[in-house]
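Summary of the model geometry
Residues per chain are reported as follows:
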Amino acid sequence: MANLDMNDEDNDNEVVIDSTDDNEPCLQCGENKGVQQEYVKAIQMRLRDEVSTQSTICKDKWLVRHLNANGWWIRKENAISIAKKLKLKISLTAYYRDVYVWLPDIRWDDDGTNCKPCCPSCKSNENVGNNGFRDNHFGRLIIGLKENYYVISRRYICYSCQRVSKEAEDAVNQVFHGNTDVSVEQTGNKIQYSFMGWNNESLSRFPLGRGSEFPAYLTWKAGVDKMVVDMMRPLFDKGFKPESFSNMLLELHTSEFAMKSLRHEYEVKLKKNQRRMTADSPISYAPLGNFGDKLKNRGIVPTGRYLIHVYKSFHRSIRPYLEQEVKKRDIDILMWDASYKEAKALYQYRGKPVFRGLITGLNQVGEVRVQFHIYTDSHDQMLRALNDFEKTRAQLGFPGISHVIGDNPRKEASLFMNLMPSIRAQQDKYDCMKVSTGRSPSNGMLYYDPKHLIVKTAHKSAEIGRAVDAMREEMTGNTVGLDAEWNRILNERGRQIQRGKIQWIQIACRTKDDKILVLLLWVGKLPKLPDSLLNLLCDDSIQFAGNQVSADLKYIGLDFKIQSMNDCDQKLRENVINLGKYAHVRGVTKKVTVSLDQKLRENVINLGKYAHVRGVTKKVTVSLDELSGLTLDRAIDKSLQTSNWSKDLSEEQKKYAAIDAAASLEVYEVLQKKKDLSCRLREDDAKIGTTVDIVPSNGSPISMSTRSATGTIVGLSEYICPPGFTYNNNRRVKLGKRAYVIEISHLHAPGLVLPRYKYKNTTSKVTLGDVGKINGKTIVVVPLNMLTDHVECTRHLQMDGADLGVECCVDDPSTDNYVRRSERGQIPRVRQPIDGYETDTDDDEDDNTEGELNSEEALEEAIDEFEKNLTSDDIEWLRAAVFEAQQTANGRTPLKSDALDDPPKAELIEDKFSAVLGDVFHAMDRAKVPVKHEAKKAYFVALREAFFVWNPTKLAELETKMRESGLTEDEIKHKRYFNARLYRQCVERTVPSPKILYWRVRAVFALYGRMVDSKTKKPLFTKAAWKKANNVLKDILDGYYSDPPDLNFYTKKLGKNGEIVLNQYGLEVIECFRGTNRTESYHKNLAVTFGSWHVGVEMSDCLLAERRHRHNQKCSERRRLGFPVLGHYNTWIVDQLQNLVKENHGIQMYPGWTNASDYKQTDEAFDTIALQHTSLHEKLEQRCQEIGPVKLTREQRYMRDIMNTLLPFLPFVSKEESIAYAKYVLNSDEGQDFNAAAEDFLRYVDGVNVMPKLPSHMSTYAETWSRNKRVLEREKKSKGGREKLEELNKILSPQGGEECELQEPQLPSMLPQCTVEAMDHNKSHIVGGVFVGENPLDNVVGKKRKRRTYRCGVCGKTGCKGVGFNRLCPDRIAEALAANRKLNPSAPAPDNTQQEKQYKRQCSVCRSYGPPGANCGKGGNNKKNCRIFTVKGDTKCRLCVDYGPVGSNCEVGGVNVKDCKYFEVDGTNK
């Protein structure tokens, strides 16, 4: 039933609010003959005559007097009398509506102010005059809350702007005068010099705020009452959808109409009863009709789409101010978080999300200060918003941010350190607070010192060429260290999803004077590499050493389109040395792949085939930092790997880049001196006395993790098997012929299966651990293919048979106690975690356990093992090392765990602090544990107690008061550990320094990690949990979770009265803003409120702006000292109120308030921001010049303006765009990065069906397009099968008599009528204050009050015509006639009627104030007796005249008899 809608055409004309469609012709008759339309038209025409200075028609300006007396409203209660005066056909009162007249220049003409509306163009009213009423538009329909009404105004003209517009038009015509080849097109940019009185620009400029008297907010089609707009804002913010609000308005309007219909029917019933009592003939009365009848009721309700348009239109008027409200808030600590749920519902364009994530930054009070959308979580998309924020902060004079709190501090540190000088300064301050040892906290090694390096930087092509040539002249040997740097685009989980173009190439070589020269070459802006550099990279005589150097060379070939490098596999080039594999074959590492940063390199996982891990080592991959530590005994800081490399390098970046290349070269030089382990032992080298390593026959000799034992070849003439075993089926062993006797000196893997060994009388296999000693020696026979040259290595990990996937024995098989391990139950084990820094995900990995513990005593065993690893001596030793800086004893390693990295030396841990902090609560939850594990609750309680240290003074005070209240020690302890909310509300907590925190948290991991659930038999920590716990400890060592010494996270909680809140024990309640909980709560509320909304970009921006404004206002009221509690959110009113109170009374109304309107505008934007880079922006402008102007929708124009482009950047949504992408794929270069792809795709953009794309759009759609192609290929391949299925379905269809009879669809059924049996004969119910049913009082009509009986003064009769006029009495007339006949007997008999008229005189009062011929018949010469008018000409109350004494008048019921003070309509006394 909602019928006021909005479409694209309306959006295009929304700036024109002088619409004519409010009085559209009736659909039935084609003319404006509706009751309301005719009524409004008549009022407007009467106003035109009364306010016109030239009109002489209306000397009596009764309508203007009525407006002045009623606040310029014509209420529907006065509609009947107004319609009579306007000589309209009278209709039912229910069909009329209120009318508001807006003529400010007439309304406030007497108070000395110029209330002419201001011109919207020149913003002045000095030259504004009247331009008359419109003859095709009489009034604007306004949607009210329960009923609609109309507003009427007239047009005005600005003569100054008219003159300027005319001069401009004449100038254009003069320029092109006589040139017939040029057509002058009149554009829509002409100066507007005529306007309506309700123009929005004019309303806000009236003096003394009189524009606020206008009751409605207008759109192009109609308008809505301001109360409706005021209701939309809070309702939409609470998730009340526009469609629901439209339904609510429809319900209110139709309910009001139903009540009108009910009252109308009651009046009809009353009239019928009155006529039945007086025996009058019945008169037919019609009902009110339908709600939407265009001729009568004209019920109009807006649709949800129209309400969205109104909401957006209103927000355009307040949006700049709302942004100023955000910018006026100071920020010292930024709480930073990203949400990826809100963008799935809001910000839709043709059903597809425009963005993927929302970034929100809260200040220390909890107010939103930074908020914008991104498509990916690449730092590049955040730079513009953060730079604008920094500029705003500087322009408004606010101090810089001192700290940032986020979920991923290691990743976010580089972003904020580079962008915000205040963060960098704060970090430098913390770095100066500690005494640096120059060591890495993770392993205690010294950092790589680049002082011995010779670093040269080249930027231009010629410089690069000269530098490379000079290097080749100076270098010695044929090996260089190679590395490359590029910008990495990361997803929300911190993983690289896109690689930018190679920006820097680093080459290190050894010079003739035995120094290391490093070239840093900036190649990012070059279209192609210089010839000297290209020749070097393609030279097969040069050896390139580096970490994943083959990948670097591959990317260089792709980015710079080097055909010779692209034609060959860089991994197969003999002169390309991947350090990971090179170190692996020389026994330095236990795997092949070596990653610069496991967290950020996706290709590490793809190269896992080199890892060859079998659970022997602790780590699957090794970083360059660890590789440098293994070979050079130096650590490398990798924190700048994700920084911005597309610019000139800072000093820190230069050091980082130079170290990467130089360390690669030095690592290679160390590795090449080690023995190659890629070959097994040769027969010529198998001599007696040779020390060898035993490896599995099918294992890799490259990996140290597969070396199961070390021994010496001995020369025995005869070999005797140990008791209980047989060798080679008791056949004679020919020693020295591919089989050798080895005396084991060190056993690393007792589970290694020995070939040809068997147990007596069984076929079971025998392992190294099963073979006992003979004469105190362990001697076995091993084939040659299980022997390798021995390599000294101290990093063996002791393994058992379970780790190698084999069965082994634990007792001597010759004894009675021999039991196979498989019969005893599997020995518990946990896979070792992967080294490197992981990304936190929300994946549930509880079921991804590596083994189950089936021992009922597993929990006790885990605790016993923990107690064994952490004795009282260890605790005292840690205390001395941490707090007294005592040197630790050699070899002592407390809290050692096979699943965690070895702890660093206690004296080497530094108290580091960071300006970019991590969320402690996220750190506690990073190691995911099973939800129903029985140790989960105790684990988190212990972890919480490890991370936080309670304020001892406040803690003791609280517990003392709790004891005084009657709580026992056990109850107090239970509240602290399992219901700590009371403690958190009044006792501060701090996170200790890394030197203390590391050991506290590590102890919790070591104790609870291996605890087994008695029901599921699974440990608390899985492999992934151990890995994340390991990285939590690394972050702790870097100071990301410790509270800085100068930072206080606590504030006192204020009540509504502004006083500090006290708890039940009389202690002050405190609030903590540590972590990102407030930001996440804000995001969660957004997802809950708008999770089911699907609206466009502009509406989404409005919703977020409203939510942001209300959220900030509530936070300020709760947490800012002296901030007023307003109760509303129209803060621009408070700004003006502050100004007026200050001006009028000289005081400040709200001392704690700051006017947002006082701050200047800045370029900082919120919500939707520009994400395109400069090159793409410039090329889009070139493309738009080629295609010319295009017509965009309102939504497209909004995004275009927000992004400051000629066309908006939108995701792939249409079929035409899919076709364009297919063409792009066919015509583009393979291996093109997504930045170049977005620029290349612009040639297919037409601005109508195909829109420009961001690089992230190209990246996302590339995967979608590839998947769709695979689906189509699969569909084609299954075509034959589908045809067979269709044939099968056709054959197995019903035939003959089995065929189903098809029936015609039927209309829906009607609601059943109430039957006699179901009818309630007691028809009297009161529902919602309405009597439903037959009311017995309805049929009883009260008796009318008897009129006073008047008698004729001549004959004494009541019905005589002489009553009040004795001369009209028939008897007196007869006497007079008789007397005349006596005097003149010959006179003809007179006509009684003529005689009667002769004696009857017209009322003088009716003649003066009434229409021509008016006569009440009672006034005569006595003016007080007139039944219609008073002596002054006012209308008398008809009820007082009819039922009261002569001359009575209540002076109220003259307009509406229902308002009579003394009588009801039926004559009864009130």
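Scroll up for the structure.
Residues numbered from 1 in each chain as written. Predicted model: local features only at pLDDT ≥ 70, side-chain atom pairs only at ≥ 80, totals over all residues. Heavy atoms only, no water.

1. Notes on the nonpolar core
Residues Trp336, Phe416, Tyr939, Phe947, Phe1005, Phe1021 and Phe1241 are the most contacted members of the largest nonpolar core, which totals 194 residues. Setting aside chain neighbours within four positions, we find phenylalanine 1005 in contact with Leu900, Tyr939, Leu943, Phe1021, Trp1026, Ala1029, Val1032 and Leu1033. Core analysis: the next-biggest nonpolar cluster, separate from the first, contains 33 residues, Leu482, Cys509, Leu533 and Ile556 among them. (Core = buried A, V, L, I, M, F, W, Y, C linked by side-chain atoms within 4.5 Å. Buried < 20%, exposed > 50% of the residue type's maximum accessible area, 1.4 Å probe, protein only. Contact = heavy atoms within 4.5 Å.)

2. Quick word on helix α32 (residues 1023–1037)
Taking 1.5 Å as the rise per residue, α32 with 15 residues should run 21 Å; its terminal C-alpha atoms sit 22 Å apart, in good agreement. With 14 of its 15 residues buried, α32 lies for the most part within the structure. Just past α32, the residue glycine 1039 takes up positive phi, approximately 80 degrees. (Helix = DSSP H or I, 4+ residues; strand = E, 2+ residues; numbered from the N terminus. Expected span 1.5 Å × (residues − 1).)

3. A word on the packing of aromatic side chains
According to the stated counting rule, one finds 45 aromatic pairs in the structure shown. Centroid distance tryptophan 102 to phenylalanine 206: 5.6 Å. Interplanar angle 85 degrees. Geometry classified as edge-to-face. Highlighted residues: tryptophan 102 in the loop between β2 (99–101) and α5 (104–107) and phenylalanine 206 in the loop between α7 (200–203) and β8 (216–218), separated in sequence by 104 residues. Relative to tyrosine 1008, the ring of tyrosine 939 lies with its centre 6.1 Å away and its plane at 65 degrees, an arrangement referred to as edge-to-face. Here tyrosine 939 is found in helix α27 (residues 936–947), whereas its partner tyrosine 1008 is found in helix α31 (residues 994–1008), with 69 residues between them in sequence. Like tyrosine 939, the residue tyrosine 1008 is buried in the burial classification. Over the face of the ring belonging to tyrosine 555 we find arginine 499, whose NZ or CZ atom lies 4.2 Å from the ring centre. (Phe/Tyr/Trp six-rings, centres within 6.5 Å; stacked < 30°, edge-to-face > 60°. Lys NZ or Arg CZ within 6 Å of the ring centre and 35° of its normal.)

4. Notes on a negative patch on the surface
A cluster of acidic residues, Asp469, Glu473, Glu474 and Asp513, forms a negative patch on the protein surface. Summarising the element assignment, aspartate 513 is placed in the loop between β19 (496–511) and β20 (516–522). (Patch = residues over 30% accessible without salt bridge, like charges linked within 9 Å, V, L, I, M, F, W, Y side chains within 5 Å. Areas by Shrake-Rupley, 256 points an atom, 1.4 Å probe, with all protein chains shown as cover. Salt bridge = Lys/Arg side-chain N within 4 Å of Asp/Glu carboxyl O. Lys, Arg positive; Asp, Glu negative; His and termini not counted. Charge placed at Lys NZ, Arg CZ, Asp CG, Glu CD.)

5. A closer look at the sheet that holds strand β5 (residues 149–152)
Spatially, four strands are ordered β1-β2-β5-β4 in an open sheet, and the strand pairing comes out mixed. The open sheet has two edge strands with one neighbour each: β1 (73–74) and β4 (140–142). Sheet topology places β2 next to β5; three bridges connect them, and they run parallel. Paired with valine 101 across the bridge in β5 is isoleucine 152. Against the sheet, helix α2 (residues 35–51) contacts β1, β2 and β5, and its axis sits at roughly 25 degrees relative to β5. (Pairing = 2+ DSSP bridges. Axes fitted to C-alpha atoms, helices over the stretch in contact; angles between N-to-C directions.)

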